[in-house]
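Summary of structural features
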Amino acid sequence: MAAVRGSDTRPEMLLRRGLHARGFRFRLHDKRLPGRPDLVLPKYRAAVFANGCFWHGHGCDLFRWPATRAEFWQAKIGGNRARDAANLAALGAAGWRVAVVWECAIKGRHRRPVEEVIDSLDRWLHSDALFLDLAGRQAGEPA
Ligand SMILES: [Zn+2]
């Protein structure tokens with residue numbers, strides 16, 4: 001996902017800072033792993049992606065199809081989504097656990113407090129769960 005993401009996006013920096021403050025240590029953008037995960041925590045056999053909602057075609061209110069060049073964007077974002085799915089499968093097959101933290105969990109009107117996001121990651125890292133998908137608040141979820 002290197003080509004579709006600046007390497008120091010703000011959501012990623014918030015995750016890095018929050019996890020580091022709790023004593024987690026990680027590698028950044030490890031090229032040896034599928035999709036070059038933003039954070040890799042070998043001790044927890046875990047890879048964390050901070051996904052931008054536009055580039056990764058998230059079904060949330062931060063994503064909107066651009067009004068022009070529809071075919072270009074459908075191919076581009078469709079390609080990114082297909083690559084994301086392939087990377088997740090390859091990581092899982094290699095025994096990695098994967099967390100995806102969406103931009104909308106941290107930015108926009110449905111964002112969560114940063115501490116809540118870090119709490120969720122903290123709990124997941126200490127669990128046996130293979131996958132975590134963390135997005136902004138859903139309709140009906142208490143604010
Ligand atoms: Zn989103």
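Up top is the structure these notes are about.
The structure contained in this document is the topic of the report that follows.

Reading the values: the criteria
- Residues numbered from 1 in each chain as written.
- Predicted model: local features only at pLDDT ≥ 70, side-chain atom pairs only at ≥ 80, totals over all residues.
- Heavy atoms only, no water.
- Buried < 20%, exposed > 50% of the residue type's maximum accessible area, 1.4 Å probe, protein only.
- Helix = DSSP H or I, 4+ residues; strand = E, 2+ residues; numbered from the N terminus.
- Pairing = 2+ DSSP bridges.
- Right-handed = clockwise from strand over helix to strand, strands pointing away.
- Donors = N, O, S within 2.8 Å, 3.2 Å for Na, K, Ca; no water.
- Tetrahedral: all angles 85-135°; square planar, octahedral: opposite > 155°, others 65-115°.
- Phe/Tyr/Trp six-rings, centres within 6.5 Å; stacked < 30°, edge-to-face > 60°.
- Lys NZ or Arg CZ within 6 Å of the ring centre and 35° of its normal.
- Salt bridge = Lys/Arg side-chain N within 4 Å of Asp/Glu carboxyl O.
- Core = buried A, V, L, I, M, F, W, Y, C linked by side-chain atoms within 4.5 Å.
- Contact = heavy atoms within 4.5 Å.

This part covers the pairing of strand E5 (residues 131-134). Residues Leu132 and Leu134 point to one face of E5 and are all buried, whereas Phe131 and Asp133, pointing to the other face, are not buried. Bridge count between strand E4 (residues 97-102) and E5: four bridges; the pairing is parallel. The partner of Val101 across the bridge, within E5, is Leu134. Taking the sense of rotation as the criterion, the β-α-β connection linking E4, helix H3 (residues 114-125) and E5 turns out left-handed.

Summarising the metal site, the zinc ion is bound by the protein donors Cys53 (SG), His58 (ND1), Cys60 (SG) and Cys104 (SG), whose distances to it range over 2.0 to 2.4 Å. The site at the zinc ion holds four donor atoms, and with the angles between them running 103 to 116°, its shape is tetrahedral. Sequence positions of the donors to the zinc ion reduce to the motif C-x4-H-x1-C-x43-C. Taken together, the positions of Cys53 in the loop between strand E3 (46-51) and helix H2 (70-93) and Cys104 in the loop between E4 and H3 put the pair 51 residues apart, joining distant regions of the chain.

Turning our attention to the packing of aromatic side chains. Evaluated as defined, the whole model comprises seven aromatic pairs. Arranged with centres 5.9 Å apart and planes meeting at 55°, the rings of Trp55 and Trp73 form a pair that is tilted. Taken together, the residues span a long stretch of sequence, with Trp55 in the loop between E3 and H2 and Trp73 in helix H2 at a distance of 18 residues. Accessibility expressed as a relative area gives 17% for Trp73, which makes it buried. Of the aromatic side chains, those joined through ring pairs into one cluster are Phe54, Trp55, Phe63, Trp65, Phe72 and Trp73. Of note, Arg69 hangs over the ring of Phe72, and the distance from its end group to the ring centre comes to 4.1 Å. The ring of Trp124 has Arg97 lying over it, and the distance from NZ or CZ to the ring centre is 4.4 Å.

With respect to the helices and strands, Arg112 occurs in the loop between E4 and H3. The class for Arg112 is buried, based on a relative accessible area of 11%.

Take the pattern of salt bridges next. A full pass over the atoms with the stated rule returns ten salt bridges. Taking the shortest distance from any N to any O, the salt bridge between Asp122 and Arg22 comes out at 3.1 Å. Residue Asp122 is located in helix H3, and its partner Arg22 is located in the loop between helix H1 (10-21) and strand E1 (27-28); the two are separated by 100 residues in the primary sequence. With a closest N to O distance of 3.1 Å, Arg32 and Asp30 form a salt bridge. Take Arg32: its relative accessible area is 65%, and that puts it in the exposed class. Residue Asp30 is classed as buried on the basis of its relative accessible area of 7%. Each member of the salt-bridge network shares a partner with another, and the members are Arg22, Glu115, Asp119 and Asp122.

Our next topic: the nonpolar core. Counting residues in each nonpolar core, the largest one holds 21 residues, and the members touching the most others are Leu15, Val48, Val101, Leu121 and Leu125. Among the secondary structure elements, those contributing two or more residues to this core are H1, strand E2 (39-41), E3, E4, H3 and E5. With five residues, H3 is the single largest residue contributor to this core. When neighbours within four sequence positions are excluded, Val101 is seen to be in contact with Leu15, Val48, Phe49, Ala50, Asn51, Ile106, Val117, Leu121 and Leu134. Membership of the second largest hydrophobic core comes to 13 residues, among which are Ala47, Phe49, Cys53 and Trp96.

Honestly, it's all geometry; don't read function into it.
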